[in-house]
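Structural overview for review
The residues making up each chain are set out below.
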Amino acid sequence: MPESNTLVKKESGEVTKPEATRGGIYYTPRVDIYESADEVVLQCDMPGVKPQDVELCFEKRELSLHGKVEPRQVPAEYLDEEYGVGDFHRSFAIAPEIDADKISAEYRDGVLEVHLPKQERVKPKRIAVHGG
Amino acid sequence: MSILTRWEPFYELRQEMGQRRRFQRAMDRLFGRWGIDLPQWSALAVSYPPVNVWENDDFVWAEAELPGLKLSDLEITVTADNQLTLKGTRQQAAPEKVEWHRQERSFGSFERTFQLPVSVDAGKVEARLENGILTIKMAKSPAAKPRRIHVKAE
């Protein structure tokens with residue numbers, strides 16, 4: 001990952017242990033983050049989260065994603081168990097180049113997509129060159 | 001064998017350490033540089049998609065995490081010899097000319113086949129995909145269901 005001109009600079013609070021304060025075990029959702037000329041886009045897999053249970057917070061330049069997952073499997077015993085069911089949580093530090101007021105997000109089919117537009121002043125501009 | 005062999009007192013130990021390093025590198029490739037402090041990934045699965053399977057008296061359920069997919073992206077088949085097959089493609093929805101900061105999600109075609117523990121009625125299979133969770137409910141064939149035997153107390 002290139003360190004220079006990275007708008008999502010570091011991750012803070014990446015959950016490695018269950019957080020007792022909120023109860024239950026958290027899973028770190030998988031994310032893709034890409035940057036275009038105008039914005040940074042974060043796509044996050046949160047399977048099993050209902051649209052109304054997605055919580056997105058931006059505070060002190062930290063973007064935190066939380067997805068509440070209601071228990072849905074109650075078997076006495078699994079024949080095959082390859083994943084656990086539980087809440088998702090992850091947070092990211094957001095660089096000041098992002099215009100916090102314009103952050104938007106949508107959630108569809110278990111995928112959360114967050115758009116983080118850059119401030120006007122950091123967007124690349126095309127400068128017209130006049131011929132002499 | 002020559003008498004003048006090189007004296008290598010730690011030869012075996014070095015061999016073993018080499019093996020350990022190779023193993024460690026393999027683990028690093030598998031788990032990244034976090035080692036044992038790895039966050040609890042939603043699915044550190046060997047295969048894609050991760051699947052849970054369970055049963056009760058009447059049904060066998062299979063559930064898979066498939067965020068971003070539609071039911072039309074999937075092909076689900078249950079054969080007469082009780083094999084469940086999940087087939088599909090997960091397309092990436094991102095423009096081409098971008099700079100990537102993180103790529104943790106998997107994309108591409110997948111196919112997984114499971115041998116079900118009991119005989120199911122291939123005509124009675126229901127599939128539902130909601131919020132990225134695929135649930136397949138398969139009715140057990142009558143012969144596979146446990147029978148309740150009424151015991152009369154004398």
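The structure displayed is predicted, hence computed values, not measured ones.

**So, the overall build of chain A**
When its secondary structure is counted, chain A shows zero helices and nine strands. Of the regular secondary structure in chain A, the N- to C-terminal order runs β-β-β-β-β-β-β-β-β. Restricting to contacts in chain A with at least 6 residues of sequence separation, those with at least 24 account for 60%.

**Examining the overall build of chain B**
Broken down by element type, chain B carries one helix and eight strands. Residues classed as buried in chain B amount to 22% of the 154 residues present. Of the contacts formed within chain B by residues at least 6 apart in sequence, a portion of 54% connects residues at least 24 apart.

**Details of the environment of Val69(A)**
Residues and elements named next belong to chain A. Summarising the element assignment, Val69 is placed in the loop between β5 (62-67) and β6 (78-81). Judged by C-beta crowding, with 22 C-beta atoms within 10 Å, Val69 ranks as buried. Spatially, the C-alpha atoms of Val69 and Lys50 are 7.5 Å apart, while their sequence positions differ by 19 residues. Beyond its immediate sequence surroundings of up to four residues, Val69 is in contact with Gly48, Val49, Val85, Gly86 and Asp87.

**Concerning the pairing of strand β7 (residues 87-93) of chain A**
Residue and element names in this part refer to chain A. In terms of burial, β7 is largely enclosed, as five of its seven residues are buried. Where strand β1 (residues 26-27) and β7 come together, two bridges link them in parallel fashion. Following the sheet pairing, Tyr26 is matched in β7 by Asp87. Pairing of β5 with β7, which is carried by six bridges, proceeds in the antiparallel orientation. Residue pairing for β7: Leu65 is matched across the bridge by Arg90.

**A word on unusual backbone geometry**
For residues other than glycine, phi is negative in most cases, and the peptide bonds are mostly trans. The phi angle at Asp109(A) is positive, at roughly 50°, despite the residue not being glycine. For Asp109(A), the position within the fold is in the loop between β8 (104-108) and β9 (111-117). Unusually for a residue other than glycine, Asn82(B) sits at a positive phi of about 60°. Looking at where Asn82(B) falls in the secondary structure, it is placed in the loop between β3 (74-78) and β4 (83-90). Judged by C-beta crowding, with 18 C-beta atoms within 10 Å, Asn82(B) ranks as partly exposed.

**Considerations on the interface of chain A and chain B**
Contacts between the two partners involve 37 residues from chain A and, on the opposite side, 34 residues from chain B. Those elements giving two or more residues to the side of chain A that touches chain B turn out to be β1, β2 (31-35), β3 (39-45) and β6 of chain A. Looking at the side of chain A that touches chain B, the element that brings in the most residues is β2(A), giving five residues. Tallied by class, residues from the side of chain A that touches chain B come to 19 nonpolar, eight polar and ten charged. Judged from the three bridges that link them, β6(A) and strand β1 (residues 51-55) of chain B form a sheet pairing that is antiparallel. Opposite Asp80(A), over in β1(B), you have Val53(B) as the bridge partner.

**Quick notes on the sheet that holds β9(A)**
As summarised here, the arrangement of the five strands in space is β8(A)-β9(A)-β3(A)-β2(A)-β5(B), forming an open sheet in which the pairing is antiparallel. Two strands close off the open sheet at either side, each with one partner strand: β8 of chain A together with β5 (99-103) of chain B. For this sheet the average axis-to-axis angle between neighbouring strands, irrespective of direction, equals 15°.

**Some points on the sheet that holds β5(A)**
Strand order across the open sheet formed by four strands is β1-β7-β5-β4 (chain A), with mixed pairing between neighbours. Looking along the sheet, the strands with just one partner apiece sit at the ends: β1 and β4 (54-59) of chain A.

**Some words on the nonpolar core**
Judged by nonpolar contacts, the single largest core of 23 residues is most densely connected at Val40(A), Leu42(A), Cys44(A), Leu112(A) and Leu116(A). Within the residue set of this core, elements represented by two or more residues are β1, β2, β3, β5, β7 and β9 of chain A. The residues contacting Leu42(A), other than those within four sequence positions of it, are Val31(A), Ile33(A), Val114(A) and Leu116(A). Grouped together as the second largest cluster of nonpolar side chains are 18 residues, Ala64(B), Leu129(B), Leu134(B) and Met138(B) included.

**Observations concerning the confidence of the model for chain A**
Interpretation of the predicted coordinates at a detailed level should be avoided for regions scoring low in pLDDT. Residue and element names in this part refer to chain A. Put simply, chain A has an average pLDDT of 82, and 81% of its residues get 70 or more. Predicted confidence is poor over residues 1-6, with pLDDT under 50, and the contacts of this stretch with residues over four places away or in other chains come to two contacts. The low-confidence segment residues 9-20, where pLDDT is below 50, has 22 contacts with residues more than four positions distant or belonging to other chains.

Reading the values: the criteria
- Residues numbered from 1 in each chain as written.
- Chains lettered and ligands numbered in written order.
- Predicted model: local features only at pLDDT ≥ 70, side-chain atom pairs only at ≥ 80, totals over all residues.
- Helix = DSSP H or I, 4+ residues; strand = E, 2+ residues; numbered from the N terminus.
- Contact = placed C-beta atoms within 7 Å.
- Buried ≥ 20, exposed ≤ 12 C-beta atoms within 10 Å, placed from the backbone.
- Pairing = 2+ DSSP bridges.
- Nonpolar A, V, L, I, M, F, W, Y, C, P; charged D, E, K, R; others polar.
- Axes fitted to C-alpha atoms, helices over the stretch in contact; angles between N-to-C directions.
- Core = buried A, V, L, I, M, F, W, Y, C linked by C-beta atoms within 7 Å.
- pLDDT = per-residue confidence, 0-100.

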